[in-house]
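Residues per chain, in single letters:
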Amino acid sequence: MLFRRSAPSVPGARSKSGPHHAPSRIEKVSYDLVVIGSGPGGYSAAIRAGQYGLKTALVEKQPRLGGTCLLVGCIPTKSLLQTADVWERFVHSEAEGIHCENPSLDYPKVKERKDGIVSKHSKGVEFLLKRAKVERISGYATLRGGGKIEVKSDSGAQTIEAKNIILATGSEARMLPGLEPDPNFILTNIEILNLTAVPKSLIIIGAGAVGVEFASIFKRFGTDVTVIEMLPRIVPVEDEDISKELERLFRKQKIRVETGARAENIQKTGSGVKVSLTTKEGKQETLEAEKLLVAVGRKPNTENIGLENTRVQTDRGFIVTDAHQRTAEPGVYAIGDVVAGTPQLAHVATREGMIAVAHIAGKPATPINKNRIPGCTYTEPGIGSVGLTEAQARAAGRKVKVGRFPFAGDSRATILGRHDGFIKVVADEAYGEILGVHIIGPEAFELIGEAVAAMEAEATVEVMMQTIHAHPTLYEAMGEAFNAVYGLSINA
Ligand SMILES: Cc1cc2nc3c(=O)[nH]c(=O)nc-3n(C[C@H](O)[C@H](O)[C@H](O)COP(=O)(O)OP(=O)(O)OC[C@H]3O[C@@H](n4cnc5c(N)ncnc54)[C@H](O)[C@@H]3O)c2cc1C
């Protein structure tokens, strides 16, 4: 049951208690579910709850819906990457016999296109929520315990109550100690997406998915890019061979990569930034650039949401849940980037939302299998992976057989002029169980879909060897990589 204090509904009307903005009456509303946060986890969960007939409200503190993914993450970055692909083709079109005289890049227009895509989809989320009869409540939500949620906005505060709550408050960029983001020099994913011109030079600290994607975007737009990573390799969650290949190809593209390196003493110079770099060999150097991007990971938004008023347990700030996404507080679930132990990815947030809502509605749902979560990094070439890396499979005591097929042996890749990279299959020697598939190459983020479906259906390497792959396609390389597990690939 919800008790809402609402302002007078007629503009300019005076409340019974006086002429000020004091609440005038208490309204009774009841919710089966209140979702906090409108990212891919929250909005999908709210829509599914509406489809199941649950009386649902969604609270969002931002004026626009869609969360990190839609507003400042997956979608705007991929829009820029698409333009970077097109631009690169123009610049290198000579090889295909196309002469483009003096092509020029209109970056404000590139940004406008990206912003248009974001707005269109944010409005789309609004429409879908309305259609599912989800009530939207604007404001900042704080748990008050016992199913109560306080929502504060410019128009005042209200306390709502729900039988179930889903926490989908997402994450934000971690900063380095002593640094504050600003729109001009020290950037996070938010500020860099708002740039109105291509920077001449950019230092990126952190070579996870976010860091390398921005490196790939801006290098192709003509920026001089340096990537600094503290760990021994870039994209450190990927199979080691994938990291090595991306590093090799980044260097070929003239992106400077410093792994095992330290960036310290970051200072603004007035016209840019200055960083002290210590390389893995111990060499000291001062780097200067027009901008600096901090991409050192994402911290969960679990502070100041009232967890202390509940029994919700956290682990280094992330919320601990069971396989149904339940927290230790009855009726309170958590999904997406705030959850401990699952990767911070949009499709993970969405799936966890489906699992939580199914549990609330008493419907069947299969808990997440962490070995079947695809991970995609939209660099050039791209990365798509699922399951165990070779090192993880060996560490788990599996007898491993590896198949590897280079895109150089795939005719479609040559036609596209994109034959860098390979597909690597990690299989169990005994029965040909597919343990992991790791792709770096053209459209890797699309190709990985076949491997995810194969693993979900528990297909063996033999089944995939017998699967007919159309010719000439990029996904033929997948068939060949499965053949390679038994040394039977034809084209390499
Ligand atoms: C640059 C970048 C690129 C990315 N690219 C990809 C990609 O290609 N593929 C992919 O899978 N993932 C990608 N990600 C990760 C992806 O964006 C996140 O995993 C995803 O957005 C998590 O969804 P979520 O629903 O958990 O939270 P979020 O999307 O972070 O949404 C949380 C929402 O909750 C709201 N909120 C927070 N606290 C409160 C409160 N107290 N009251 C009311 N509202 C609140 C926030 O305003 C926000 O709208 C990328 C991330 C970044 C930064």
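Trainee: Which parts of the structure should I look at to understand the overall build of the protein?
Mentor: The secondary structure content of the protein amounts to 13 helices and 26 strands. In summary, the protein has a C-alpha radius of gyration of 25 Å against a globular reference of 23 Å for 492 residues, a match within 12%. With the C-alpha coordinates of the protein rotated into their principal frame, the extents come out at 80 × 60 × 45 Å. The 492 residues of the protein split such that 50% are buried. Across the protein, the fraction of contacts at a sequence separation of at least 24, relative to all contacts at a separation of at least 6, is 62%. By element, 52% of the accessible surface of the protein is carried by carbon and sulfur atoms, the whole surface being about 23700 Å².

Trainee: Which parts of the structure should I look at to understand the site of the ligand?
Mentor: Neighbouring the ligand are 39 residues, the closest being Glu60, Thr68, Lys78, Asp337 and Ala346. Measuring from an oxygen atom of the ligand, one finds a backbone N or O atom of Ser171 at 3.5 Å. Protein chains shield 95% of the accessible area of the ligand, which is 1000 Å² for the free molecule. Among the elements of the structure, α1 (40-51), β4 (56-60), α2 (67-72), α3 (74-91), β6 (140-145), α6 (209-220) and α8 (346-361) are those that each provide at least two residues to the shell around the ligand.

Trainee: Quick question: what am I supposed to make of the pairing of strand β7 (residues 148-153) here?
Mentor: Where a strand is regular, its side chains alternate between the two sheet faces. By the bridge criterion, five bridges tie β6 to β7 in an arrangement that is antiparallel. When the bridges of β7 are listed, Gly145 appears paired with Lys148. The hairpin turn running from β6 into β7, its antiparallel successor, is two residues long, and Gly146 in that turn takes a positive phi close to 60°. In sequence, β7 turns back onto strand β8 (residues 156-167) through a hairpin of two residues.

Trainee: What exactly am I supposed to notice about the environment of Arg404 here?
Mentor: Summarising the element assignment, Arg404 is placed in strand β24 (residues 400-406). When the C-alpha positions of Arg404 and Ala484 are compared, they lie 5.8 Å apart, and in sequence the two are 80 residues distant. With sequence-adjacent residues up to four places away left out, Arg404 is seen in contact with Asp241, Phe422, Ile423, Lys424, Ala481 and Ala484.

Trainee: What exactly am I supposed to notice about the nonpolar core here?
Mentor: Side chains of nonpolar character tend, in soluble globular proteins, to be buried together. One finds Ile192, Phe214, Phe218, Phe221, Leu246, Phe250 and Leu293 to be the most contacted residues of the largest nonpolar core, which totals 33 residues. The set of elements that each furnish at least two residues to this core consists of α3, α4 (107-131), β11 (201-205), α6, β12 (224-228) and α7 (240-252). Per-element accounting of this core gives the leading share, five residues, to α6. Ignoring any residue separated from it by four or fewer positions in sequence, one finds Leu246 in contact with Val212, Ile234, Val235, Thr379, Pro381, Ile383 and Ile440. Ala413, Ile439, Ile448 and Ala459 belong to the second-largest nonpolar core, a separate cluster that totals 28 residues.

Trainee: How should the sheet that holds strand β10 (residues 186-187) be read in this particular structure?
Mentor: Pairing between the strands of a sheet comes from backbone hydrogen bonds, and it takes one of two forms, parallel or antiparallel. Spatially, five strands are ordered β10-β17-β11-β12-β13 in an open sheet, and the strand pairing comes out parallel. The open sheet has two edge strands, β10 and β13 (256-258), and neither has a second partner. Here four bridges tie β11 to strand β17 (residues 291-294), and the two strands are oriented parallel to one another. Residue pairing across strands places Leu202 opposite Lys291, the latter belonging to β17.

Trainee: Whenever I open this one, a nonpolar patch on the surface confuses me. Can you help?
Mentor: Together, Val86, Phe90 and Val91 line one region of the surface with nonpolar side chains, adding up to about 230 Å² of accessible area. Tracing the backbone through its elements, the reader meets Val91 in helix α3.

Trainee: I tried to follow α3 on my own but got confused; where do I start?
Mentor: One turn of the α-helix equals 3.6 residues, which is why residues spaced by three or four share an orientation. Here α3 is 18 residues long and its end C-alpha atoms lie 26 Å apart, about the 26 Å a rise of 1.5 Å per residue gives. Of all the residues in α3, the buried ones are Pro76, Thr77, Ser79, Leu80, Leu81, Thr83, Ala84 and Trp87.

Trainee: It is not clear to me how the packing of aromatic side chains should be interpreted in this structure. Could you clarify?
Mentor: Here a ring pair, both rings aromatic, is described through the centre-centre distance and the interplanar angle of the planes. Tallied over the entire structure, the rule returns four aromatic pairs. Through successive ring pairs, a cluster of aromatic residues spans Tyr107, Phe218 and Phe221. A cation over a ring is seen here: Lys363 above Tyr52, with NZ or CZ 5.0 Å from the ring centre. Just above the ring of Phe422 sits the side chain of Arg404; from NZ or CZ to the centre is 3.7 Å.

Trainee: Quick question: what am I supposed to make of unusual backbone geometry here?
Mentor: A negative phi angle is the norm for most residues apart from glycine, just as the trans form is the norm for most peptide bonds. The omega torsion across Glu380 and Pro381 is -5°, close enough to zero to call that bond cis. If you trace the backbone, Pro381 turns up in the loop between β22 (375-377) and β23 (382-387). Although it is not a glycine, Arg316 sits at a positive phi angle of roughly 50°. Tracing the sequence through the fold places Arg316 in the loop between β19 (314-315) and β20 (318-319). Take Arg316: its relative accessible area is 74%, and that puts it in the exposed class.

Conventions used here
Residues numbered from 1 in each chain as written. Predicted model: local features only at pLDDT ≥ 70, side-chain atom pairs only at ≥ 80, totals over all residues. Heavy atoms only, no water. Helix = DSSP H or I, 4+ residues; strand = E, 2+ residues; numbered from the N terminus. Rg over C-alpha atoms; globule rule 2.2 N^0.38 Å. Buried < 20%, exposed > 50% of the residue type's maximum accessible area, 1.4 Å probe, protein only. Contact = heavy atoms within 4.5 Å. Areas by Shrake-Rupley, 256 points an atom, 1.4 Å probe, with all protein chains shown as cover. Near = heavy atom within 4 Å. Polar contact = N/O pair within 3.5 Å; in protein donor to acceptor, adjacent residues only side chain to side chain. Pairing = 2+ DSSP bridges. Core = buried A, V, L, I, M, F, W, Y, C linked by side-chain atoms within 4.5 Å. Patch = residues over 30% accessible without salt bridge, like charges linked within 9 Å, V, L, I, M, F, W, Y side chains within 5 Å. Salt bridge = Lys/Arg side-chain N within 4 Å of Asp/Glu carboxyl O. Expected span 1.5 Å × (residues − 1). Phe/Tyr/Trp six-rings, centres within 6.5 Å; stacked < 30°, edge-to-face > 60°. Lys NZ or Arg CZ within 6 Å of the ring centre and 35° of its normal.

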